[in-house]
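Structural overview for review
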Amino acid sequence: MFNEFKKKESPILSSLGMGGGIGSNLIRGASGPSFSASALGQAMPQETGGSQSNASPKVAQTADGSVILASGNRNSVYRSTNNGQSWVQKYDGTEASYTYGHGAIFINDAGTHAIASPRGSNFGKIIYSSDGGQSWNTKVTTSDSVYMGTYDQTTGIVMFGDRGAGGGASSDLNRSSNHGQSWSVVIDSNQSDHYGVGMKKGSAGEAVSWSTGKYYTSSNGGSSWTQQTTPTNHYYTATPYVVYNTSGRYFYRGANAKGVLYADSGTGARTQTVISGASGTIQVVNIDSDDVVYAGFDSGEIWFSTDNGVTYTEIEEWKTYWDTTDGYAIADINTNNSSGRFLVGTRGSGGNVVHVLQKS
């Protein structure tokens with residue numbers, strides 16, 4: 001089924017007893033975190049029938065870093081228990097229409113719940129695992145692709161928007177309140193795409209979502225929604241994650257390909273920070289529990305903000321081991337302050353790669 005997967009060389013850093021790569025000198029600004037080690041960057045198996053150019057790998061991990069999940073280029077799910085040194089396929093995306101990877105992959109700290117969203121042309125799914133990603137069950141079949149979603153393990157709330165156009169139906173916002181075990185449709189937008197959804201961390205409180213031309217807010221964790229007037233500077237169609245910091249400020253891609261929007265309430269004005277020094281287009285926006293915001297670009301650059309999105313600085317040392325020859329783009333960023341693992345998923349002509357870094 002697979003071609004023999006290509007092993008990529010990635011430096012292992014001095015704290016692991018070897019030289020090269022990113023060391024403890026990588027400091028992100030005066031108050032930003034630093035990396036002390038990079039464990040591996042390992043190419044994932046190349047699967048026939050998928051679209052490598054579209055299938056950006058999504059990544060997730062448990063709190064202790066003992067389990068890492070990542071999507072393959074034909075909508076499969078792979079699992080690693082050794083910091084990405086090797087991968088085992090746990091879900092086989094054999095559906096012929098699956099060509100776009102996943103909207104997102106999530107796993108809770110303990111590894112007792114995992115959720116993923118294989119997506120393709122005119123078809124998509126939401127799947128669930130109760131055993132750390134070792135086995136999967138289909139919970140929702142959508143009329144078309146599933147977009148990036150949101151998961152809050154404190155409340156168990158998971159939400160994904162989907163695309164209705166290609167499958168001949170209106171788009172939906174799908175919601176679970178029990179970590180993905182059962183689902184309901186909370187918005188039927190009667191439009192072609194439900195692009196974005198995010199929720200304030202740790203409580204079934206403020207949430208925002210939007211379809212092709214409609215903007216919604218919720219005050220009860222997405223149980224019910226109210227259509228609102230479109231906020232200033234809002235951008236409908238970009239799909240990188242909508243992410244909240246601990247104070248309730250939320251962030252997502254703006255109309256400018258290098259811009260990150262932020263707002264302090266669901267109906268408040270948006271402020272757009274354009275990362276003018278960056279090249280390429282933002283592919284993912286994410287945030288860690290220290291409220292450091294990360295923006296990853298299709299040029300392979302990663303930028304971060306330690307002042308709640310006001311200014312951004314590039315991680316220059318990332319380029320010392322990022323694979324420039326295959327033109328690898330940033331596909332996903334996942335941080336975890338319990339284990340200190342920092343995951344970067346990349347895609348390029350040579351395959352999907354998951355880089356496992358260690359915060360100092």
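All of these numbers come straight from a predicted model, not from anything done at the bench. (Residues numbered from 1 in each chain as written. Predicted model: local features only at pLDDT ≥ 70, side-chain atom pairs only at ≥ 80, totals over all residues. Heavy atoms only, no water.)

1. A closer look at the overall build of the chain
Heads up, the condition is: Numbering of helices and strands runs from the N terminus; a helix is a DSSP stretch of H or I covering at least four residues, while a strand is a stretch of E covering at least two. By definition in these notes, contact holds between two residues if any of their heavy atoms fall within 4.5 Å. Note on areas: Shrake-Rupley with a 1.4 Å probe; residue coverage comes only from the protein chains shown.
A count of helical and extended segments in the chain gives 0 helices and 29 strands. Restricting the contact set of the chain to residue pairs at least 6 apart, pairs at least 24 apart contribute 49%. Looking at the chain as shown, the accessible area adds up to about 12,700 Å², and 43% of this sits on carbon and sulfur atoms.

2. Here we look at the pattern of salt bridges
Any two side chains of opposite charge can pair, given that their charged atoms come close. Cut-off, in case you're wondering: Salt bridges are counted wherever a side-chain nitrogen of Lys or Arg sits within 4 Å of a carboxyl oxygen of Asp or Glu. Each residue gets one of three labels from its accessible area relative to the maximum for its type: buried under 20%, exposed over 50%, partly exposed in between, using a 1.4 Å probe on protein chains only.
Overall, the coordinates contain 3 salt bridges when judged by the stated rule. The closest approach of N and O atoms between Arg-163 and Asp-193, which form a salt bridge, is 2.9 Å. Placement of the pair is Arg-163 in the loop between strand S12 (157-161) and strand S13 (172-176) and Asp-193 in the loop between strand S14 (184-188) and strand S15 (194-199), with a sequence separation of 30 residues. Assessed through its relative accessible area of 29%, Arg-163 is described here as partly exposed. Across the pair Asp-264 and Arg-249 runs a salt bridge, and its minimum N-O distance is 2.7 Å. Of this pair, Asp-264 sits in the loop between strand S21 (259-263) and strand S22 (271-274) while Arg-249 sits in the loop between strand S19 (243-244) and strand S20 (250-253); the two residues are 15 residues apart in sequence, bridging distant segments of the chain. Asp-264 sits in the exposed class, given a relative accessible area of 52%.

3. Section: the packing of aromatic side chains
Definition in use: Any Phe, Tyr or Trp ring, taking Trp's six-membered ring, that has another such ring centre within 6.5 Å forms a pair; planes under 30 degrees apart are called stacked, those over 60 apart edge-to-face, and the others tilted.
Applying the stated criterion across every chain yields a total of 10 aromatic pairs. Ring geometry for Tyr-147 against Tyr-195: centres 5.2 Å apart, planes inclined by 45°, an arrangement best described as tilted. Separated by 48 residues along the polypeptide, Tyr-147 in the loop between strand S10 (137-142) and strand S11 (150-152) and Tyr-195 in strand S15 bring together distant segments of the chain. Arranged with centres 5.0 Å apart and planes meeting at 25°, the rings of Tyr-244 and Tyr-250 form a pair that is stacked. The residues Tyr-244 and Tyr-250 share a single accessibility class, namely buried. Through pairs of rings, three or more aromatic residues link up here, namely Trp-210, Tyr-215, Tyr-244, Tyr-250 and Tyr-252.

4. Thoughts on the environment of Asp-332
Here is the rule: Side-chain atoms alone can form a polar contact between residues adjacent in sequence; in general such a contact is a pair of N or O atoms within 3.5 Å, and within protein one must be able to donate a hydrogen while the other accepts it.
Within the fold, Asp-332 resides in strand S27 (residues 329-335). For Asp-332, a relative accessible area of 2% puts it in the buried group. Excluding anything up to four places from it in sequence, Asp-332 contacts Pro-57, Lys-58, Val-59, Tyr-241, Val-284, Asn-286, Leu-343, Val-344 and Gly-345. A polar contact of 2.9 Å, which involves the side chain of Asp-332, links it to the backbone nitrogen of Val-59.

5. Digging into the pairing of strand S17 (residues 215-218)
For the record, the criterion: For two strands to pair, DSSP has to find at least two bridges joining them.
Of the two faces of S17, the one lined by Tyr-215 and Thr-217 and the one lined by Tyr-216 and Ser-218 are each fully buried. Strand direction decides the pairing type here: strand S16 (residues 207-211) and S17, joined by 4 bridges, are antiparallel. Note on S17: the bridge partner recorded for Trp-210 is Tyr-215. The hairpin formed by S16 and S17 contains 3 residues between the paired strands. In terms of strand pairing, S17 meets strand S18 (residues 226-228) through 3 bridges, oriented antiparallel. The residue bridging Tyr-215 from the neighbouring strand is Gln-228, located in S18.

These values are about where atoms sit, not about what they do.
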